[in-house]
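Observations on the model geometry
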Amino acid sequence: MRSHCITRYGEPLEALDRPIPEPAGTEVLVRVTAAGLCHTDLHIWEGSYDLGGGKRLTLAERGIHLPITPSHEICGDIAAVGPLASDALLGMRCLVHPWIGCGACAACKRGEENICIKPQSLGIVRPGGFSEYVLVPHPRYLIDIEDLDLVQTAPLACAGLTTFSALKKFGARIRETPVVVIGAGGLGLSAIAILRALGGVGAIVVDLDSRKREAALAAGASFTIDANADDAAQQIIKTTDAGARAILDLVGSTATQTLALASIARGAHIVICGLMGGNITIPLPFIPMRPITIQGSYVGTLDELRALVALIKTTQAISIPVTPRPLAEVNDAMLDLRDGKVIGRTVLVP
């Protein structure tokens, strides 16, 4: 099989010919038919995360080493199964849950493999979807997508799941007040659609790029704001009737959190998903006095992905712009994403 791998950080992915894996035990071999490209793939390609103040967290410090076959947004059909997996699965069209854990730690036992202390995530630790085949350790990580479109469905494993899990953390608040969504990339457009499917009041979307703000309006955003505007915080306060009570930061940078903290009402809840990096300083008395909640959210659980796919089947909610490209164009696609040229999601097709 042909796999496109990171063999040197920051340099073009290398096309390698590898043997097609033979599944053993409970393993399942999935023939990849669609693999999404995510900003996390860019962080992995770069080899580190920005911690602010000139500090960086390297992949090696997280126990992740080259070579890496990226992409954790994977759709395909089951091509082979190990002796402990059912032959009845053969041919099933599936979405792969990539956020696989060790299976033994406390988080895994709670069903929160996405925050496992020894993660085995596809596309990060284990080989991912930028390949003709991917090996999945157990059938439970495969969700039958029936007749859903493969290219549209692949981004649910990250862009969809990340925003679904984050929005659920706001609880009933999404039906009481608009959610301010910072970032109108693939995650931001997914958030708009999922918020609508969950019965939310609506989304106010903030982004630097006018094209992405236009895409957000087309996707159903109630209002958009230029993050570069001098009065961006005042615009958020005005459109949320005296300050935002729910902010979803899909960028996760010093600038976006500075804007979020300048825009909130008392009792606000901020959920951060983005990993762009940086740092912030908050006077500690402000947290109880205002009082505010700042919460991180990292992708989502297997149960949440199952629930999201069921929601999509029921509501047909996800219709974000998706651009399919041949897998052979992966390096050009990575550069386009890095340079901010992508509206919605790029999905690579072997």
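The following refers to the structure shown.

The next thing to look at is the overall build of the protein chain. Counting its regular elements, the protein chain contains eleven helices and 17 strands. Relative to the compact-globule value of 20 Å for 350 residues, the protein chain shows a C-alpha radius of gyration of 20 Å, a close match. Viewed in the frame of its principal axes, the protein chain has a C-alpha envelope of about 60 × 45 × 40 Å. Looking at the 350 residues of the protein chain, the share that counts as buried comes to 52%. For the protein chain, contacts bridging at least 24 residues in sequence account for 69% of all contacts bridging at least 6. Total accessible area on the protein chain stands at roughly 14,700 Å², and carbon and sulfur atoms take up 54% of it. Treating the 31 positive side-chain charges of the protein chain as one cloud and the 34 negative ones as another, the clouds have centres 6 Å apart.

Okay, the nonpolar core next. Membership of the largest hydrophobic core comes to 88 residues, with the highest contact counts inside it found for Leu-142, Val-179 and Leu-248. Filtering out sequence-adjacent residues up to four positions away, Val-179 remains in contact with Leu-167, Phe-170, Ile-174, Leu-195, Gly-202, Ala-203, Ile-204, Ala-246 and Leu-248. In this structure, Ile-204, Ile-225, Ala-232 and Ile-270 belong to the second largest nonpolar core, which totals 17 residues.

A word on the sheet that holds strand β13 (residues 244-249). Taken in spatial order, the six strands line up as β12-β11-β10-β13-β14-β15 in an open sheet, and their pairing is parallel. Because the sheet does not close on itself, it has two edges, and the strands there are β12 (223-226) and β15 (293-296). The mean angle between the axes of side-by-side strands here comes to 20°, regardless of whether they run parallel or antiparallel. Relative to β15, strand β14 (residues 264-272) runs parallel, the two being bridged by four bridges.

Here we take up the packing of helix α4 (residues 159-168) against helix α10 (residues 302-315). For the pair α4 and α10, interaxial distance at closest approach is 10 Å and the crossing angle is 100°. Classified by the angle their axes make, α4 and α10 are roughly perpendicular. Contacts between α4 and α10 involve Gly-160, Leu-161, Phe-164 and Ser-165 on the former and, on the latter, Glu-304, Leu-305, Ala-307, Leu-308 and Leu-311. In the contact of α4 with α10, the residues fall into six nonpolar, two polar and one charged.

Let us look at unusual backbone geometry. The amide bond that connects Leu-66 to the next residue, Pro-67, takes the cis arrangement and shows omega of -5°. Position of Pro-67 among the secondary structure elements: in the loop between β5 (55-58) and β6 (73-81). Here the phi dihedral of Asp-241 falls at roughly 60°; this positive angle occurs in a residue that is not glycine. Looking at the secondary structure, you find Asp-241 in the loop between α7 (232-239) and β13. A relative accessible area of 67% means that Asp-241 is categorised as exposed.

This brings us to the packing of aromatic side chains. Scanning all chains against the criterion turns up one aromatic pair. Ring geometry for Trp-99 and Tyr-298: centres 6.0 Å apart, planes at 65°, overall edge-to-face. Of this pair, Trp-99 sits in the loop between β7 (93-96) and α2 (106-109) while Tyr-298 sits in the loop between β15 and α10; the two residues are 199 residues apart in sequence, bridging distant segments of the chain.

Bringing the pairing of strand β3 (residues 28-37) into the picture now. A large share of β3 lies buried, amounting to nine of its ten residues. With eight bridges connecting them, β3 and β6 associate as antiparallel partners. Bridging from a neighbouring strand, Val-28 pairs with Val-81 of β6. By the bridge criterion, four bridges tie β3 to strand β8 (residues 133-136) in an arrangement that is antiparallel. Bridge pairing in β8 links Val-28 to Val-136. Relative to strand β17 (residues 345-349), β3 runs antiparallel, the two sharing three bridges. Looking across to β17, one finds that Leu-37 is bridged to Thr-346.

The next point concerns the packing of α7 against helix α8 (residues 254-263). Direction vectors running N to C along α7 and α8 enclose 45°, while the axes themselves pass 9 Å from each other. It follows from the interaxial angle that α7 and α8 lie oblique. Along this stretch, α7 crosses α8, giving a crossing that reads as right-handed. Contact with α7, carried on its side by Ala-232, Ala-233, Ile-236 and Ile-237, involves Leu-259, Ala-262 and Ser-263 of α8 and no other residues of that element. Residue composition of the contact of α7 with α8, grouped by class: six nonpolar, one polar and no charged.

Procedures and definitions
Residues numbered from 1 in each chain as written. Predicted model: local features only at pLDDT ≥ 70, side-chain atom pairs only at ≥ 80, totals over all residues. Heavy atoms only, no water. Helix = DSSP H or I, 4+ residues; strand = E, 2+ residues; numbered from the N terminus. Rg over C-alpha atoms; globule rule 2.2 N^0.38 Å. Buried < 20%, exposed > 50% of the residue type's maximum accessible area, 1.4 Å probe, protein only. Contact = heavy atoms within 4.5 Å. Areas by Shrake-Rupley, 256 points an atom, 1.4 Å probe, with all protein chains shown as cover. Lys, Arg positive; Asp, Glu negative; His and termini not counted. Charge placed at Lys NZ, Arg CZ, Asp CG, Glu CD. Core = buried A, V, L, I, M, F, W, Y, C linked by side-chain atoms within 4.5 Å. Pairing = 2+ DSSP bridges. Axes fitted to C-alpha atoms, helices over the stretch in contact; angles between N-to-C directions. Parallel < 35°, antiparallel > 145°, perpendicular 65-115°, else oblique. Nonpolar A, V, L, I, M, F, W, Y, C, P; charged D, E, K, R; others polar. Phe/Tyr/Trp six-rings, centres within 6.5 Å; stacked < 30°, edge-to-face > 60°. Left-handed = near helix turned anticlockwise from the far one by under 90°.

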